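Understanding the architecture of this molecule
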Amino acid sequence: MRLERMGSRFQTRLSFMRSVLRRLGGDGWTIERTRCDWDDDGYGTAVYAARGPERTYSLIAYSAHLDPADRSDRVIAERWDAAFTLFDGEPADDDIARLAANVPRQEAGRCSSRELTLSRANRSVRLFDHVVESLAAGRQPDRELVNRIGYLMRTTAVYGNGKFGLSDRDRVCHRTELAEPYQAELLTVYLIRCFTHDLVEHVARRRSPDTFVPLERPIRRHLGIGNATGLGMAPFLHNHPILLNNWVVALESALAVCRSIDRVDAGDVARFAELVAAARRSVAQWNVDDERQMTRIVELRADLARLERAVAGADGVSGLLDSETVRPWDRLYRWAEEHLSIEGQEMVVALIIELHAEVVDHLAPSMVAVEPPLVDPTMTVADLLDLVEVRYRWALDLDFDEPATSHYFWYTSEEKLEPRLGERRGEPGADLEHPLAVARDVGRLCATLAMADPQITMAEFLLRRPEHRHTVRRVQTAALHPYSEIRDNLIGRDLMAIDMLRFKLSVFGATKFDPKSDKWTRITMYQGAPLPDELGVSDSDRWMLLPHLDGA
Amino acid sequence: MSLNEIAATAAKAVRGRGHPEGIAEEMGFAVRWLCERELPGVAMLLSALDKRSMAEAAVIPVIDRADGVIRLRSTGGDPLPALRVAPSMAELAAVELDWTDGTSADGSSPRSLEVDSLTHPLLLVPFVARHGSSRLAARWSTPDGPVAMDRSGDGLRIRAGSASALGAGVGHDVILGVAPDGRNGPPDVMTSAELEAASQRSLTSGCAVDTADWDRLARWARRTYVPVSEESRLRGAGAGLTDND
């Protein structure tokens, strides 16, 4: 899989936010605010309990005054408008007190194994204040502004899996509701969304109790949670090759299964046409400042118009989909490959998969990975060389003597442990670079292998050359897991790191990608998602695939 | 500390000391494995990092195969460092030892892999434990008594003459073999049931790590971080200093 395609992906029904919502709805979860001591400005502590058939998880939210000069989305910030943790169970008073001393400090505090996630969020100052003023004055907020921003608050990190003392994922991953990746983190974000809706109404109501009106449902739904995602997320895909592989395999399998469906009926065709129309409405409301992305969006709009015509048929030519066509999704996919941009093709993939829950949803549990792979010590030098030739031809063809090919280096800054991209020839620190330079390291491995006895095993080779252990493991992993390696040079000058971010975010279920540079992006999560009392409505998780607000 | 933090920090510490990435990954696994079972993994790793080991780390072990034994040694006769060679020892044993039933052995396939002296031998334990065959076993002697590990019917057993034997800085006459005879071994220190119980405790409440030890480990880990400059702060992460609507 190459970055260009990875960076064009959209949310699908296999995205983790979607499976969270399907579970909450399907298993009858309820969400209740069990504590709240907010003052007039909304500062204080609140607890939201999500109750499932077997267990309860509680979001504890600490909100406090933040000086505008201190408000920053960078991981180097030290204070936030609100800080959160997801507690395993229902917290007692002493838990709340203990966490009050730690959670607002985020990375500088400690959690215990009774907490699953740690997070923080800042207000979208423009929108938050506008919504408060509007509701207090007895009117709904401006729909165009609501759509343009899309969230009242945005998270800037959601930590889990043992960080800062949080519970290890291994402790809880046998629980059905936490078995798939990121379920705790994304439940946290859903509950934070509930918190933001309540908070803005609370502040407005206190400001002007006599004229206050609550948010209208469609607007409330259209307010998701924003997020600013930077390079911190990018090394994850490199460091979890089997997980990456399994995510891609699930998506590709879903598509393959749909493409092999023999026939569709008139109902399916009609539903697909509805999805295309919804996509057009949604993408019409997706606008960004970034030139590169805006150009792609404009092209996507043209693609969707083309798609709509092709599906409906015109001028006596029947549409691409009808009950007579054999393997209609395959036919449609091939048409998309030929006629649409990459984003257009990926949108088509998302729409096709969307219709076939019955053959797609069961793939969701496969998007996990078992322990990191062991080196296969029995493989000979000769066999490993063959493997590299087959799997890493793309890497061997790169010329690392060219400066542009090793333009960047990945590193972690001492400051808040923030991952960054440095320019090898402009900045210090390349001696501490992270091993994302797979292509380069594979080249070096090959050079060493070529001089070794071809018949010796990896066991012996690595005893003598431990510096290649990491790369040998990766190459062997790629043999068993074909999508485990991103087939692009991650240190080359034309790297678009944002493609890595968008891929992972799309697997999470994010929408409204809003790149701010080639290294970070804003997104929206749960925009259009069902509200807590709508979770049980069948297929309500679909509402967030193509978010749209009338009148915006 | 959570197990994940221990694994991540241990790996970074090894990397910060200048060892290769692949070794850092393996040691992250090993220290996590040990701490999960309430064995002194962090202390052992610190000892291995503090030792003036870069010269020894550059040692390339020599492999001698003769008389049914694979022997690893360094060219100068110094002890081999477990931090560098432990994963390979278990791998070589898995690949080259004669795993057939003893009765068919004709002496041509080795029955054991041996090392005269191995520093920080506790670090070897996780690699023996995780490797495929349940019949891979190990033993060595220390100034404070012998240490042995094997699998009984119930699972992994680690047996040591004393707790300080487990924490020894050097192990002598290290033997990895196919189910060596444990009949005359030292009394049990940890049975498989105890190892499992320790693991559950660690998952449930995290691992207690000595504060001074953790600080030292974190200091090694910090050597993988690039010091901040105003320039790197502005350019490297892609965003300006404030990201606000």
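Attention now moves to the packing of aromatic side chains. Within the structure shown, the criterion is met by 16 aromatic pairs over all chains. Summarising the aromatic geometry, the rings of A:Trp38 and A:Phe195 are spaced 5.7 Å apart at their centres and angled 75° between planes, so their arrangement reads as edge-to-face. Of the two residues, A:Trp38 is situated in the loop between β1 (30-36) and β2 (44-51) and A:Phe195 in helix α8 (residues 183-207); the sequence distance between them amounts to 157 residues. A:Trp38 sits in the buried class, given a relative accessible area of 4%. A connected cluster of aromatic rings, assembled from ring pairs, spans A:Phe16, A:Tyr182, A:Phe236, A:Trp247 and A:Phe508. The ring of A:Trp38 carries A:Arg33 above its face, with NZ or CZ at 5.2 Å from the centroid. Here B:Arg130 stacks its cationic end above the ring of B:Phe29, 4.5 Å away from the centre of that ring.

Counting across every chain of the model gives 71 salt bridges over all chains. As a salt-bridge pair, B:Asp116 and B:Arg71 come within 3.5 Å of each other at their nearest N and O atoms. Of this pair, B:Asp116 sits in strand β4 (residues 112-119) while B:Arg71 sits in strand β2 (residues 69-73); the two residues are 45 residues apart in sequence, bridging distant segments of the chain. For B:Asp116, a relative accessible area of 44% gives the class partly exposed. Linked through salt bridges whose partners overlap, the residues forming this network are A:Arg13, A:Arg18, A:Arg22, A:Glu354, A:Asp361, A:Asp541 and A:Arg542.

What follows concerns the domain arrangement of chain A. Residues and elements named next belong to chain A. On domain assignment, one finds that chain A holds domain 1 (3-234) and domain 2 (262-355). Using only C-alpha atoms to locate each centre, domain 1 and domain 2 end up separated by 34 Å. Opposite the twelve residues of domain 1 that make contact, domain 2 presents 13 residues. Applying the counting criterion to the domain 1 and domain 2 interface returns four salt bridges. A salt bridge links Glu-346 to Arg-9; its shortest N-O distance comes to 2.7 Å. Seen at the junction of domain 1 and domain 2, the total is eight residue pairs in polar contact (both at pLDDT 80 or more). For the side of domain 1 that touches domain 2, the class distribution of residues is one nonpolar, six polar and five charged.

Attention now moves to empty space enclosed by the protein. Residues and elements named next belong to chain A. Taken as a whole, this structure holds eight cavities of 30 Å³ or more when the rule is applied. In this structure, the largest cavity encloses a volume near 150 Å³. Taken together, 14 residues form the lining of the largest cavity, with Phe-10, Ser-282, Met-347, Thr-511 and Leu-545 sitting closest to its centre. Contributing elements (two or more residues each) for the lining of the largest cavity: α12 (266-284), α15 (342-355) and β12 (511-515). Among the elements that make up the lining of the largest cavity, the one with the highest residue count is β12 (three residues). For the lining of the largest cavity, the residue count by class is ten nonpolar, three polar and one charged.

Glancing now at the sheet that holds strand β10 (residues 408-413) of chain A. Sheet architecture is open: three strands sit in the order β11(A)-β10(A)-β10(B), paired in mixed fashion. What marks the edges here is a single partner per strand, and that holds for β11 (419-423) of chain A together with β10 (225-226) of chain B. Bridge count for β10(A) against β10(B) is two bridges, and the pairing is parallel. Counted as the bridge partner of A:Ser413 is B:Val226 from β10(B).

Another aspect to go through is unusual backbone geometry. All names here are of chain A. Positive phi, normally seen in glycine, also occurs at Arg-327, with a value near 45°. Note that Arg-327 resides in the loop between β9 (317-318) and α14 (328-339). A positive phi angle, near 60°, is found at Tyr-526, a position not held by glycine.

So, about the interface of chain A and chain B. On the side of chain B, 50 residues touch chain A, which itself brings 58 residues to the contact. Of the roughly 4,700 Å² buried at the junction of chain A and chain B (both faces included), carbon and sulfur atoms supply 52%. It is A:Arg74, A:Leu463 and A:Arg469 that lose the most area in chain A upon contact with chain B, and together they represent 15% of the buried surface on that side. Connecting chain A to chain B are seven salt bridges. The salt bridge involving B:Arg65 is made with A:Glu460; its shortest N-O contact spans 2.7 Å. Summed over the shared surface of chain A and chain B, the result is 17 residue pairs in polar contact (both at pLDDT 80 or more). With five residues, the single largest contributor to the side of chain A that touches chain B is helix α20 (residues 458-464) of chain A. A class-by-class count of the residues in the side of chain A that touches chain B yields 21 nonpolar, 13 polar and 24 charged.

Quick look at the packing of helix α11 (residues 241-259) of chain A against α15(A) now. All names here are of chain A. As a packed pair, α11 and α15 sit with axes 9 Å apart at the nearest point and diverge in direction by 70°. Here α15 runs roughly perpendicular to α11, going by the angle between their axes. Note that α11 runs across α15; the crossing there is left-handed. In contact with Leu-251, Ala-254, Leu-255 and Cys-258 of α11, α15 contributes Val-349, Ile-352 and Ile-353. Here the residues of the contact of α11 with α15 sort into seven nonpolar, no polar and no charged.

With that settled, consider the layout of surface pockets. Residue and element names in this part refer to chain A. In this structure, the second largest pocket occupies an estimated 500 Å³ of space. If you trace the second largest pocket, you find 20 residues lining it, with Arg-542, Trp-543, Leu-546, Pro-547 and His-548 closest to the centre. Elements with a contribution of two residues or more to the lining of the second largest pocket: α9 (217-222) and α12. A total of five residues in the lining of the second largest pocket trace back to one element, the largest contributor, which is α12.

By size, the foremost hydrophobic cluster in this structure holds 137 residues, and its most contacted members are A:Trp247, A:Phe272, A:Trp329, A:Leu332, A:Leu351, A:Trp410 and A:Tyr526. For this core, the leading source of residues is α8(A), giving 13 residues. Shared between two domains, this core holds at least three residues of each, these being domain 1 (3-234) and domain 2 (262-355) of chain A. The residues touching A:Leu332, leaving out its near neighbours within four places in the chain, are A:Phe272, A:Leu307, A:Val311, A:Leu320, A:Leu321, A:Val348 and A:Ile352. Residues B:Ile6, B:Val31, B:Leu39 and B:Leu217 belong to the second largest nonpolar core, which totals 65 residues.

Right, let's talk about the sheet that holds strand β4 (residues 82-88) of chain A for a bit. Residues and elements named next belong to chain A. Strand order in the open sheet formed by nine strands is β1-β2-β3-β4-β5-β6-β7-β13-β12, with mixed pairing between adjacent strands. Each having just a single partner strand, β1 and β12 make up the two edges of the open sheet. For this sheet, the mean angle separating the axes of adjacent strands, direction not counted, is 25°. Against the sheet, helix α4 (residues 125-136) makes contact with β5 (115-123) and β6 (151-159), and its axis sits at roughly 135° relative to β6, the strand it touches most.

Before going further, it helps to spend a moment on the confidence of the model for chain B. Residues and elements named next belong to chain B. Across chain B, the average pLDDT comes to 84, with 80% of residues at 70 or higher. In the model of chain B, helix α4 (residues 54-57) stands out as the element of lowest mean pLDDT, 58, in contrast to helix α2 (residues 21-36), which has the highest, 96. Across the predicted assembly, pTM comes out at 0.92 and ipTM at 0.91.

Basis of the calculations
Residues numbered from 1 in each chain as written. Chains lettered and ligands numbered in written order. Predicted model: local features only at pLDDT ≥ 70, side-chain atom pairs only at ≥ 80, totals over all residues. Heavy atoms only, no water. Phe/Tyr/Trp six-rings, centres within 6.5 Å; stacked < 30°, edge-to-face > 60°. Helix = DSSP H or I, 4+ residues; strand = E, 2+ residues; numbered from the N terminus. Buried < 20%, exposed > 50% of the residue type's maximum accessible area, 1.4 Å probe, protein only. Lys NZ or Arg CZ within 6 Å of the ring centre and 35° of its normal. Salt bridge = Lys/Arg side-chain N within 4 Å of Asp/Glu carboxyl O. Domains from an automatic or database assignment. Contact = heavy atoms within 4.5 Å. Polar contact = N/O pair within 3.5 Å; in protein donor to acceptor, adjacent residues only side chain to side chain. Nonpolar A, V, L, I, M, F, W, Y, C, P; charged D, E, K, R; others polar. 1 Å grid on protein atoms, 1.4 Å probe; cavity = no way out; pocket = protein on both sides within 12 Å on 5 of 7 lines; lining within 4 Å. Points joined across faces, edges and corners; volume = space filled by probe spheres on them. Pairing = 2+ DSSP bridges. Buried area = accessible area lost by both parts, 1.4 Å probe. Axes fitted to C-alpha atoms, helices over the stretch in contact; angles between N-to-C directions. Parallel < 35°, antiparallel > 145°, perpendicular 65-115°, else oblique. Left-handed = near helix turned anticlockwise from the far one by under 90°. Core = buried A, V, L, I, M, F, W, Y, C linked by side-chain atoms within 4.5 Å. pLDDT = per-residue confidence, 0-100.

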